[in-house]
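Structure assessment
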Amino acid sequence: MKTYTNVKDLGSITEALKEAFEIKKNRFAHKYLGENKTLLMVFFNSSLRTRLSTQKAGMNLGMNTMVLDIQSGAWKLETERGVVMDGDKPEHILEAIPVMASYCDIIGVRAFAGLVDKAFDYQETIINQFIAYSGKPVFSMEAATGHPLQAFADLITIEEYKKTARPKVVLTWAPHPKALPQAVPNSFADFMNEADVEFVITHPEGYELAPQFVRNAGVEYDQIKAFEGADFIYAKNWSAYQDPHYGTILSTDRSWTVSDRQMAVTHEAHFMHCLPVRRNMIVSDSVIENAQSLVIQQAANREISAQVVIKRLLENTL
Ligand code: AN0
Ligand code: CP
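Not measured: the values here are computed from a predicted model.

**Some thoughts on the site of ligand 1**
The local shell around ligand 1 consists of F112, E142, H147, L180, P181, K236, C274 and L275. The contact in question runs from an oxygen atom of ligand 1 to an N or O atom on the side chain of K236, over 2.7 Å. Here ligand 1, which alone exposes 340 Å², has 82% of that area covered by the protein. Residues that form the shell around ligand 1 fall into these classes: 5 nonpolar, 1 polar and 2 charged.

Printed below as a string of structure tokens:
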């Protein structure tokens, strides 16, 4: 594997899951694979889980790890070519990338969607510049349109907790006070469309995701109908994708907050969310604290998904 930005980079998801469970059984089985190799993690946005789990995965493989927070301590980076740099950004990403690449062997990048320019976001302008100009294996730690380490960890978690061969998995929109990217729901949909599950997406009208991620998934605008008989409920807020409302909030309807009322019609479903989550906006205290909630297990599996990906990228550098 040379890059990791979406589900297709994994090849067979059956094989990827097998590798994940082997690593979970013995996470130090390849502790010399990354000896004398350096992992650089570049963050344009905040993180708790991605930062720690990815660093831990690198350390399990024997790598040295370095973290750069562009927001605090680094020079602010200009990302568009052709700009007269007379503003607040002293350095251009076109110099910064090869410089950063000269100090490491693998690069992880977190660069959220700006939610202003849909084409800039959906062309994955920032991570694609890392891929084009670093000369190193690059992986997404949440880019503009996807969060594939999260979705891979979510797939691992569903595989661990499913009670039927083909569970019903529902992705539901939930309200949030700030406009958020579509990256998490996009990648979750991408993975669920590859997995052997019955997959349904529910959201208020206007929140339709990009068709390349929705593919053939069922879209149900009635949240209660969607939840009926579900085995897994995956909640997430996202802002509008469709024009002319790209990146904006269309609804703050708190009747969409996942609570006992909706969970009652499910098949004793597990509740899932990538975290960080705003309680009593996205999900009630009672649902997230219920024994069926898997949010901590999902976060723990981030170490495993990251380790599969970094291991495969390392194998490609040998
Ligand atoms: C981010 C998002 O929605 O993409 C990161 C989630 C992993 N969430 C927030 O900014 C709250
Ligand atoms: N789920 C996730 O990616 O969390 P962080 O934003 O804290 O890394």
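Let's pick the thread back up.
**Description of the domain arrangement of the protein**
For the protein, the assigned domains are domain 1 (3-146 + 302-317) and domain 2 (148-298). Inter-centroid distance (C-alpha atoms) of domain 1 to domain 2 is 25 Å. Summing both sides of the interface, domain 1 and domain 2 together bury roughly 2,700 Å²; the carbon and sulfur share of this comes to 68%. The tally of links from domain 1 across to domain 2 stands at 2 salt bridges. Between K118 and D243 there is a salt bridge, with its nearest N and O atoms 3.4 Å apart.

**Regarding helix 2 (residues 49-60)**
Since there are 3.6 residues in each turn of an α-helix, residues three or four apart along the chain are aligned in direction. For helix 2, spanning 12 residues, the distance from its first C-alpha to its last is 16 Å, which sits close to the expected 16 Å at 1.5 Å a residue. Three or more residues of helix 2 are buried, namely R49, T50, S53, T54, A57, G58 and N60. One side of helix 2 holds all its buried residues, which, seen down the axis, span an arc of 160 degrees. Looking at the buried residues of helix 2, the elements they touch are strand 2 (38-43), strand 3 (64-69), strand 6 (106-110), strand 7 (138-140), helix 6 (148-161) and helix 12 (295-317). Immediately beyond the C-terminal end of helix 2, within one or two residues, lies G62, with a positive phi of roughly 80 degrees.

Cut-offs and rules
- Residues numbered from 1 in each chain as written.
- Chains lettered and ligands numbered in written order.
- Predicted model: local features only at pLDDT ≥ 70, side-chain atom pairs only at ≥ 80, totals over all residues.
- Heavy atoms only, no water.
- Near = heavy atom within 4 Å.
- Polar contact = N/O pair within 3.5 Å; in protein donor to acceptor, adjacent residues only side chain to side chain.
- Areas by Shrake-Rupley, 256 points an atom, 1.4 Å probe, with all protein chains shown as cover.
- Nonpolar A, V, L, I, M, F, W, Y, C, P; charged D, E, K, R; others polar.
- Domains from an automatic or database assignment.
- Buried area = accessible area lost by both parts, 1.4 Å probe.
- Salt bridge = Lys/Arg side-chain N within 4 Å of Asp/Glu carboxyl O.
- Helix = DSSP H or I, 4+ residues; strand = E, 2+ residues; numbered from the N terminus.
- Expected span 1.5 Å × (residues − 1).
- Buried < 20%, exposed > 50% of the residue type's maximum accessible area, 1.4 Å probe, protein only.
- Arc of directions from axis to C-beta.
- Contact = heavy atoms within 4.5 Å.

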